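Take a look at the letters that make up each chain.
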Amino acid sequence: MACRISELVIDCADPDRLAAFWSEVLGYVELGREDGSIEIGPPDAGFGGPQPTLVLSPSSDPRAGKLPLHIDVNPTDRDQDAELERLLALGARPADIGQTGTESWHVLVDPEGNEFCLLRTRLQPL
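Draft legend 1. Here's a closer look at the overall build of the protein chain. Secondary structure summary: the protein chain contains two helices and eight strands in total. Over its C-alpha atoms the protein chain spans a radius of gyration of 15 Å, differing by no more than 12% from the 14 Å that the globule rule assigns to 126 residues. Reported as C-alpha extents along the three principal axes, the dimensions of the protein chain are approximately 40 × 35 × 35 Å. Taken across its 126 residues, the protein chain has 33% of its residues classed as buried. Considering only contacts within the protein chain whose residues lie at least 6 apart along the sequence, 54% involve residues at least 24 apart. In the structure as shown, the protein chain presents an accessible area of about 8,000 Å², 52% of it carried by carbon and sulfur atoms. Side-chain charges in the protein chain split into 10 positive and 22 negative, and the spacing between the mean points of these groups amounts to 5 Å.

Draft legend 2. Main features of the nonpolar core. Ranked by size, the top nonpolar core spans 19 residues in total, and within it Trp22, Ile40, Leu54, Leu56, Leu87, Leu108 and Phe116 carry the most contacts. The element best represented in this core is helix 1 (residues 15-26), accounting for five residues. Once residues lying within four places of it in the same chain are set aside, the contact partners of Trp22 are Gly27, Ile40, Leu54, Ile71, Val73, Asp110 and Phe116.

Draft legend 3. Examining the side chain of Glu115 more closely. Tracing the backbone through its elements, the reader meets Glu115 in strand 8 (residues 115-118). In this structure Glu115 comes out as buried when scored by relative accessible area, which is 18%. Setting aside chain neighbours within four positions, we find Glu115 in contact with Lys66, His70, Ile71, Ile97, Leu108 and Val109.

Draft legend 4. Here's a closer look at the pairing of strand 3 (residues 37-41). Among the five residues of strand 3, four are classified as buried, and the element is accordingly described as predominantly covered. Of the pairings in the sheet, the one linking strand 2 (residues 29-34) to strand 3 comprises five bridges and is antiparallel in character. The partner of Val29 across the bridge, within strand 3, is Gly41. In this structure, the hairpin formed by strand 2 and strand 3 is closed by a connection of two residues, where Asp35 is found at a positive phi of approximately 50°. Pairing of strand 3 with strand 4 (residues 53-58), which is carried by three bridges, proceeds in the antiparallel orientation. If you follow Ile40 over to strand 4, its bridge partner there is Leu54.

Draft legend 5. Inspection of helix 2 (residues 80-90) at higher detail. Listed in full, the buried residues belonging to helix 2 are Gln80, Glu83, Leu84 and Leu87. An end-on view of helix 2 places all buried positions within 105° of arc, on one side of the element. Turned more than 90 degrees from where helix 2 packs its buried face, Asp81, Glu85 and Ala89 sit exposed. For helix 2, the capping residue at the N-terminal end is Asp79, with a side-chain oxygen 3.2 Å from the backbone nitrogen of Asp81. Positive backbone phi, approximately 120°, marks Gly91, located one or two places after helix 2.

Reading guide: rules and limits
- Residues numbered from 1 in each chain as written.
- Predicted model: local features only at pLDDT ≥ 70, side-chain atom pairs only at ≥ 80, totals over all residues.
- Heavy atoms only, no water.
- Helix = DSSP H or I, 4+ residues; strand = E, 2+ residues; numbered from the N terminus.
- Rg over C-alpha atoms; globule rule 2.2 N^0.38 Å.
- Buried < 20%, exposed > 50% of the residue type's maximum accessible area, 1.4 Å probe, protein only.
- Contact = heavy atoms within 4.5 Å.
- Areas by Shrake-Rupley, 256 points an atom, 1.4 Å probe, with all protein chains shown as cover.
- Lys, Arg positive; Asp, Glu negative; His and termini not counted.
- Charge placed at Lys NZ, Arg CZ, Asp CG, Glu CD.
- Core = buried A, V, L, I, M, F, W, Y, C linked by side-chain atoms within 4.5 Å.
- Pairing = 2+ DSSP bridges.
- Arc of directions from axis to C-beta.
- Polar contact = N/O pair within 3.5 Å; in protein donor to acceptor, adjacent residues only side chain to side chain.

This is the structure:
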């Protein structure tokens, strides 16, 4: 028997702001709220579907340094350059973590400074 990732929990100062950002990035919708947390996920599948949901959980604890885990995203309906423009318009910002400039991906941060990467390969939408 195996497991699969059903949800990712992100501690954040402003769950509403990050839920709005990641919903736009991923095409997700709000699935529910509980104790200040907001769960977002695919509109047709929700929790338990082929993609994990995200739970944005309120926290006032300061983040200490780089997160040991980050999210990678791939464009589904446009090329990488067009998707980069879209993500920047949504509030993502470029991040410098020592890249050489020859990478095939872009390192970005969400509105709260959480790093994620935009990869080049265009995936089929689910």
